[in-house]
Amino acid sequence: MSGKFGKIFKTRKPVIAMVHFGALPGAPLHDADAGLEGLLEGVRNDLKALQEAGVDAVMFGNENDRPYEFKVDAASTATMAYIIGQVRHEITVPFGVNVLWDPMATMALAAATGAVFAREIFTGTHASDMGMWLPDAGAAMRYRDRLGRRDLALMYNISAEFAWSLDQRSLPDRARSAVFSSIPDAILVSGVITGEAAALSDLEAVKRVVPDVPVLANTGVKHATVADVLKIADGCVVGSSLKVDGNTWNPVDPARARDFMDKARKARGD
């Protein structure tokens, strides 16, 4: 792939592994007793396990800041920046960020940490668990540029989790339109909730209409399905499958992560 995606990911069909933060200060599930040191320990341990397993990239996200918000507390972004800064010298692969579900906060975090890619819901109109979802790709991209990060690759998740698109065009039509109107560096296709797979037929249909833009599976890629996914997609984002017992909220299981990467490498002919 050419463009920013090809410059960032030297490996064909990269596996981007999630480093999930524990709930951050101010979030209902935050462990105040463990504090920042507990958050740092969890991130550091997962990062180490994933890199030793041979993942191609990592992405830091605040998946446990439930209930989710469209405009996150400044403390969330600041804490993520602090923790990433603490482990920055330990990161040996390309890394990205995602502050759920706040594109502006995601841009700020990427600028503060030196992330090379970012993921978010940038387009569409959605009815969601959090209320009406009205992202603004134009504002987010202009903010990225004002922060001096034109180099930051933006991955557009076009099938929002925890939500229903009020745009009744087909998923391929929405993908084609987003590419034309909002110039993403990659398109992500998701299932309906974290850990649930996107349909292979959806991946195929989207890839067919945007052949020149990287299309990645964003959720629910498992050991048993990664080979089939990578036959179609230009890569994948994986989180839950690499955790102890395949549970999103557990720490990374080094053995599961290694096994997943063995299967991914075999599937792409490494």
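Everything discussed here concerns the structure shown above.
The rules behind each value
Residues numbered from 1 in each chain as written. Predicted model: local features only at pLDDT ≥ 70, side-chain atom pairs only at ≥ 80, totals over all residues. Heavy atoms only, no water. Helix = DSSP H or I, 4+ residues; strand = E, 2+ residues; numbered from the N terminus. Contact = heavy atoms within 4.5 Å. Buried < 20%, exposed > 50% of the residue type's maximum accessible area, 1.4 Å probe, protein only. Pairing = 2+ DSSP bridges. Axes fitted to C-alpha atoms, helices over the stretch in contact; angles between N-to-C directions.

## Remarks on the side chain of D46
Here is step 1 of the chain: Along the polypeptide, D46 turns up in helix α2 (residues 35-53).
Here is step 2 of the chain: Once residues within four sequence positions are removed from consideration, D46 is found in contact with V19, H20, K243, P251 and V252.

## Overview of unusual backbone geometry
Here is step 1 of the chain: Following R66, the chain continues into P67 via a peptide bond in cis, with omega recorded as -10°.
Here is step 2 of the chain: Inspection of the secondary structure assignment puts P67 in the loop between β2 (57-61) and α3 (74-87).
Here is step 3 of the chain: Along the chain, L100 connects to W101 via a cis peptide bond; the corresponding omega equals -20°.
Here is step 4 of the chain: Along the chain, W101 turns up in the loop between β3 (95-98) and α4 (103-113).
Here is step 5 of the chain: The residue K13 is not glycine, and still its phi comes out positive at about 55°.
Here is step 6 of the chain: Inspection of the secondary structure puts K13 in the loop between α1 (3-8) and β1 (15-20).
Here is step 7 of the chain: Taking the relative accessible area as the measure of exposure, K13 reaches 13% and is therefore buried.

## Quick notes on the sheet that holds strand β8 (residues 163-165)
Here is step 1 of the chain: Ordered by their spatial adjacency, three strands build an open sheet running β6-β5-β8, and the pairing between neighbours is antiparallel. The sheet terminates laterally at β6 (131-133) and β8, the two strands that pair on one side only. Sheet twist, expressed as the mean angle between neighbouring strand axes with direction ignored, is 25°.
Here is step 2 of the chain: Sheet topology note: the strand β5 (residues 126-128)/β6 ladder contains three bridges and is antiparallel. Opposite H126, over in β6, you have W133 as the bridge partner.

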